[in-house]
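One letter stands for each residue in the lines below.
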Amino acid sequence: MTGRVLLQVLKVVGVSVPVTWLWLEWGRAAYGRLFTQLTIPIFGMLGMTHVMPLGARDRFINYLPFLILMIVTPRMTLLRRAVGIAVGFVLIFFVHVLFVYAAEVVGVQGGEVNRQDIYEKMLPFILLCDAFPFVLWIVIAKDFVREVSAKLFQTATPPKASK
């Protein structure tokens with residue numbers, strides 16, 4: 001048991017380190033450019049032609065835990081893993097769009113609102129943005145999560161009463 005856990009931890013570290021390095025060295029800037037190119041027309045259709053989501057790349061690192069979890073989750077078929085990653089990336093992108101939209105609406109509609117008020121109004125969107133990749137992974141890896149949860153939260157069967 002301990003050997004399997006250690007092997008899984010090494011697998012997570014072995015995937016996390018290079019993926020994080022790639023994100024920091026190349027991915028963050030590339031995603032920032034892609035996000036900007038794709039969202040300017042989206043925000044334009046919403047009548048928000050002044051929105052320039054240039055700072056988004058630093059906030060949206062949550063692709064990493066999703067990707068890492070999808071790669072290291074055991075007993076997931078290759079098709080489920082590949083489709084889950086592809087669909088997950090698209091859904092995470094739209095959560096990022098919602099986040100930038102919400103930030104713009106809160107900032108614009110608030111007028112002379114102070115930073116604390118903006119933060120309080122943005123908190124639900126911050127939580128959604130940060131938690132969404134994990135919730136998405138739970139949905140995609142539901143069989144694995146169910147199995148692990150059952151083992152972790154298994155209750156001891158009470159002994160039968162003697163007659």
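Residues numbered from 1 in each chain as written. Predicted model: local features only at pLDDT ≥ 70, side-chain atom pairs only at ≥ 80, totals over all residues. Heavy atoms only, no water.

**Side note on a nonpolar patch on the surface**
Thinking step 1. Together, Val5, Val9, Val13 and Val17 line one region of the surface with nonpolar side chains, adding up to about 320 Å² of accessible area.
Thinking step 2. When you line up the elements, Val5 lands in helix α1 (residues 2-45). (Patch = residues over 30% accessible without salt bridge, like charges linked within 9 Å, V, L, I, M, F, W, Y side chains within 5 Å. Areas by Shrake-Rupley, 256 points an atom, 1.4 Å probe, with all protein chains shown as cover. Salt bridge = Lys/Arg side-chain N within 4 Å of Asp/Glu carboxyl O. Helix = DSSP H or I, 4+ residues; strand = E, 2+ residues; numbered from the N terminus.)

**A look at the nonpolar core**
Thinking step 1. Among the nonpolar cores identified, the biggest contains 37 residues, and Tyr31, Phe35, Phe60, Phe66, Met70, Phe93 and Trp137 are the most heavily contacted of them.
Thinking step 2. If you list the elements that add at least two residues to this core, you get α1, α3 (63-72), α4 (78-109), α5 (115-140) and α6 (142-152).
Thinking step 3. No other element matches α4, which puts nine residues into this core. (Core = buried A, V, L, I, M, F, W, Y, C linked by side-chain atoms within 4.5 Å. Buried < 20%, exposed > 50% of the residue type's maximum accessible area, 1.4 Å probe, protein only.)

**Focus: α1**
Thinking step 1. Compared with the 64 Å implied by 1.5 Å per residue over 44 residues, the 54 Å span of α1 between its first and last C-alpha is markedly short.
Thinking step 2. Looking one or two residues past α1, Gly47 carries a phi angle of roughly 80°, positive in sign. (Expected span 1.5 Å × (residues − 1).)

**Looking at the environment of Ala86**
Thinking step 1. Its location among the elements puts Ala86 in helix α4.
Thinking step 2. For the pair Ala86 and Leu67, spaced 19 residues apart in sequence, the C-alpha separation works out to 9.9 Å.

**Overview of the confidence of the model for the protein**
Thinking step 1. Mean pLDDT over the protein: 86, with 87% of residues reaching 70 or higher.
Thinking step 2. Here helix α2 (residues 56-59) is the element of the protein with the lowest mean pLDDT, 64, and α3 is the one with the highest, 96. (pLDDT = per-residue confidence, 0-100.)

**Some remarks on unusual backbone geometry**
Thinking step 1. The backbone of Arg75 sits at a positive phi, close to 60°, despite the residue not being glycine.
Thinking step 2. By the element assignment, Arg75 lies in the loop between α3 and α4.

**Re the side chain of Thr73**
Thinking step 1. With respect to the helices and strands, Thr73 occurs in the loop between α3 and α4.
Thinking step 2. Judged by its relative accessible area of 2%, Thr73 is buried.
Thinking step 3. At 2.4 Å, the side chain of Thr73 forms a polar contact with the backbone oxygen of Leu69.
Thinking step 4. Within the structure, the side chain of Thr73 is placed 2.8 Å from the side chain of Trp137, a separation counted as a polar contact.
Thinking step 5. Contacts of Thr73, omitting those with residues within four sequence positions, involve Arg81, Trp137, Ala141 and Phe144. (Polar contact = N/O pair within 3.5 Å; in protein donor to acceptor, adjacent residues only side chain to side chain. Contact = heavy atoms within 4.5 Å.)

**Some thoughts on the packing of aromatic side chains**
Thinking step 1. The tally for this structure, following the rule as stated, stands at eleven aromatic pairs.
Thinking step 2. Here Phe66 and Phe89 contribute two aromatic rings whose centre-to-centre distance is 6.2 Å and whose plane-to-plane angle is 50°, an arrangement assigned as tilted. Placement of Phe66 in helix α3 and of Phe89 in helix α4 is noted, with a sequence separation of 23 residues between them.
Thinking step 3. Residue classification places Phe89 among the partly exposed positions, given a relative accessible area of 29%.
Thinking step 4. Taking the centre distance of 6.4 Å and the plane angle of 65° together, the rings of Trp137 and Phe144 count as edge-to-face. Assigned by exposure class, Trp137 and Phe144 land together as buried.
Thinking step 5. Taken together through their ring pairs, the aromatic side chains of Trp23, Tyr31, Phe35, Phe60, Tyr63, Phe66, Phe89, Phe93, Phe94 and Phe99 make up a single cluster. (Phe/Tyr/Trp six-rings, centres within 6.5 Å; stacked < 30°, edge-to-face > 60°.)

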